[in-house]
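This is what each chain is made of:
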Amino acid sequence: MKQMPAEYYQLLEQLQAVDFVLVDLTLYLDTHNGDAEAIKQFNHYAKERKKLRNAIESKYGPLMQYGHSYSGQPWNWDDAPWPWQV
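First, a word on scope: everything that follows refers to the structure included in this document. (Residues numbered from 1 in each chain as written. Predicted model: local features only at pLDDT ≥ 70, side-chain atom pairs only at ≥ 80, totals over all residues. Heavy atoms only, no water.)

Thoughts on the environment of Gln14
For clarity, the cut-off: Secondary structure follows DSSP: runs of H or I at least 4 residues long count as helices, runs of E at least 2 residues long count as strands, and numbering of each begins at the N terminus. The classification of residues rests on relative accessible area computed with a 1.4 Å probe and restricted to protein chains. Under 20% of the type maximum is buried, over 50% is exposed, and intermediate values are partly exposed.
On the secondary structure map, Gln14 appears in helix 1 (residues 6–31). The exposure class assigned to Gln14 is partly exposed, which follows from its relative accessible area of 42%. When the C-alpha positions of Gln14 and Arg53 are compared, they lie 9.9 Å apart, and in sequence the two are 39 residues distant.

Examining the pattern of salt bridges
Where we set the bar: Salt bridges, as used here, are contacts in which a Lys or Arg side-chain nitrogen is within 4 Å of a carboxyl oxygen on Asp or Glu.
For the coordinates displayed, the defined rule picks out four salt bridges. Across the pair Glu57 and Arg53 runs a salt bridge, and its minimum N-O distance is 3.6 Å. Linking Glu57 with Arg53, this pair stays in helix 2 (residues 36–60), spanning four residues, or about one helical turn. Taking relative accessible area as the criterion, Arg53 reaches 22% and is therefore assigned partly exposed.

Quick look at the structure:
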């Protein structure tokens, strides 16, 4: 398997942490849909996730398929490693 730079793993870890926060806030908001502070936090982390995803994909390629991520030319979805391989 291709070894990626340390920055890749750091960015991926940050993305996973933000994803965890978003899942947790989603579950909370399912039962507390009027909590303005939680909604504010959710929107903040949604923006952070987008920034992190863009930072990773601009340097290391797509994280998701089926239109969630753009592809470079030539088609680079099959470039290793895939996100679940690291």
